[in-house]
Amino acid sequence: MLTMPLMDRAAAPGAHLIDGKAFAAGLVAEVAADAADMVATHGVRPGLAVVLVGDDPASAIYVRSKIRKTEAAGMASFAHRLPASASQQDVLALIESLNRDPAVHGILVQLPLPRQIDVTAVLDAIDPSKDVDGFHIVNAGKLASGRVDGMVPCTPLGCLMLLKAELGSLAGLHAVVIGCSNIVGKPMARLLLREKCTVVLTHLKTRDVAAETRRADIVVVAAGSPGLVRRDWIKPGATVIDVGINRVQTAEGPKIVGDVAFDEVSTIAGRITPVPGGIGPMTIACLLRNTVEAARERIGRTPHPAG
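Attention in this report is confined to the structure presented alongside it.

Procedures and definitions
Within each chain, residue numbers correspond to sequence positions counted from 1 in written order. The model is predicted, so local features are restricted to residues of pLDDT at least 70 and side-chain atom pairs to those at 80 or more, both for listing and for counting; the totals for chains, interfaces and linings are taken over all residues. Values shown for side chains rest on all heavy atoms present in the structure; no hydrogens or waters enter the calculation. In this description a helix means any DSSP run of H or I spanning at least four residues, a strand means any run of E spanning at least two, and both kinds are numbered starting from the N terminus. As defined in this context, the radius of gyration uses C-alpha atoms, and a globule is described by 2.2 Å times the residue total to the power 0.38. Each residue's exposure class comes from its accessible area (1.4 Å probe, protein chains only) as a fraction of the maximum for that residue type: buried when under 20%, exposed when over 50%, partly exposed otherwise. Between two residues, a contact is recorded if the distance between any of their heavy atoms is within 4.5 Å. Reported accessibility uses the Shrake-Rupley method at a 1.4 Å probe radius. Residues are deemed covered only where the shown protein chains occlude them. In this tally Asp and Glu are treated as negative and Lys and Arg as positive; neither His nor the chain ends contributes. The atom standing in for a charge is NZ when the residue is Lys, CZ when it is Arg, CG when it is Asp and CD when it is Glu. Helix axes use the C-alpha atoms of the stretch in contact, all axes being lines fitted to C-alpha atoms, and the angles between their N-to-C directions lie in the range 0 to 180 degrees. Each angle gets one of four labels, with under 35 degrees taken as roughly parallel, over 145 as roughly antiparallel, 65 to 115 as roughly perpendicular, and the rest as oblique. Each crossing gets its hand from how the near helix is turned against the far one by less than a right angle, where anticlockwise is left-handed and clockwise is right-handed. Classification used: nonpolar for Ala, Val, Leu, Ile, Met, Phe, Trp, Tyr, Cys and Pro, charged for Asp, Glu, Lys and Arg, polar for all others including Gly.

### Some words on the overall build of the chain
For step 1, the next point in the chain: Of the regular secondary structure elements, the chain holds 10 helices and 12 strands.
For step 2, the next point in the chain: Computed over C-alpha atoms, the radius of gyration of the chain comes to 19 Å, within 12% of the 19 Å expected from 2.2 N^0.38 for 307 residues, which places it in the range of a compact globule.
For step 3, the next point in the chain: Oriented by its inertia axes, the alpha-carbon framework of the chain measures out at about 50 × 45 × 40 Å.
For step 4, the next point in the chain: Counting across all 307 residues of the chain, residues that qualify as buried make up 48%.
For step 5, the next point in the chain: Considering only contacts in the chain between residues 6 or more positions apart, those separated by 24 or more positions represent 68%.
For step 6, the next point in the chain: For the chain, the computed accessible surface area is about 13,800 Å², with 55% contributed by carbon and sulfur atoms.
For step 7, the next point in the chain: Across the chain, 32 positive and 30 negative side-chain charges occur, with their mean positions spaced 2 Å apart.

Structure follows, in structure tokens:
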């Protein structure tokens, strides 16, 4: 179990930065060691296939980063690029071939997909045991029912790892999740429930979200709204996990900011993740972790429970 080093400097009086970058580096080192052991003892190198459809610049950057980090961890990387004009059948045929390929232990389809492709059909076509994004309905169902034997989406898994490393047992804590997407919000709430938190999942129709967060020991924000959470939303000493990644224009030029008004909230929170350097590095680290766990299952070794 990795332990979480607090950064030496406080974000502000009373608040410590949660160093997701350092934690992710430790997790990747563990993943790399596990991958090397599989090669040495079983002759199996964990393999991740990434499917990119179209030429979205941001998606291309994400894919290159994932490929580079996969290879750096001593794992096999398989990049498959299809044109923006690719049909749904083209994508499904590729996924079927990857499902059958014994060298591929994890499959990731980079989102978003072109409009002519049904995202749900594509995600459901992935073998659940290779679904390292954790989006397949089988894995979502396992998580919803409290089981620990399915793949868990990478971003909420990274959030949970940081929370447990910082706080130890989460049992009995009051947690509020802002945002109810299938990618972050819903699985995050289910992971927190599995840890015996009392959980409130908020969304666009929630009345007075701030009233909910003021009661929370843990606030996880994944709303896609720059600076949404302000100082007066937070209980003194609470732990704040900011999943937001928003590009905004400032007088100094473009800047990446989170969903939390960091300068304000860091004066009252007990612990807080920065943006960048908080959850972002954990997402890719957990992707690599999920790929190794999928490989462990394929060779008959018991996977480690998520979180």
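### What about the packing of helix H2 (residues 57-72) against helix H10 (residues 279-298)?
For step 1, the next point in the chain: Two elements in contact, H2 and H10, have axes separated by 11 Å at closest approach and are oriented at 55°. Considered as vectors, H2 and H10 are oriented oblique to each other. When the axes of H2 and H10 are compared, the crossing they make is right-handed. Each of Ser65, Lys66, Lys69 and Thr70 in H2 lies in contact with H10, whose residues at this interface are Ile284, Leu287 and Leu288.
For step 2, the next point in the chain: Within the contact of H2 with H10, the residues separate by chemical class into three nonpolar, two polar and two charged.

### Here's the deal with the environment of Ala72
For step 1, the next point in the chain: Turning to its location among the elements, Ala72 is positioned in helix H2.
For step 2, the next point in the chain: In this structure Ala72 comes out as exposed when scored by relative accessible area, which is 69%.
For step 3, the next point in the chain: C-alpha separation for the pair Ala72 and Ala29, spaced 43 residues apart in sequence, amounts to 10.0 Å.

### So, the packing of helix H1 (residues 20-42) against H10
For step 1, the next point in the chain: Where H1 meets H10, the axes come as close as 9 Å, and the angle between the chain directions of the two elements is 20°. With respect to their mutual orientation, H1 and H10 come out roughly parallel. Note that H1 runs across H10; the crossing there is left-handed. Here Gly20, Lys21, Phe23, Ala24, Leu27, Val28, Val31, Asp34, Ala35 and Met38 of H1 come into contact with H10, specifically with Pro281, Met282, Ala285, Cys286, Leu288, Arg289, Val292, Glu293, Ala295 and Arg296.
For step 2, the next point in the chain: By residue class, the composition of the contact of H1 with H10 is 14 nonpolar, one polar and five charged.

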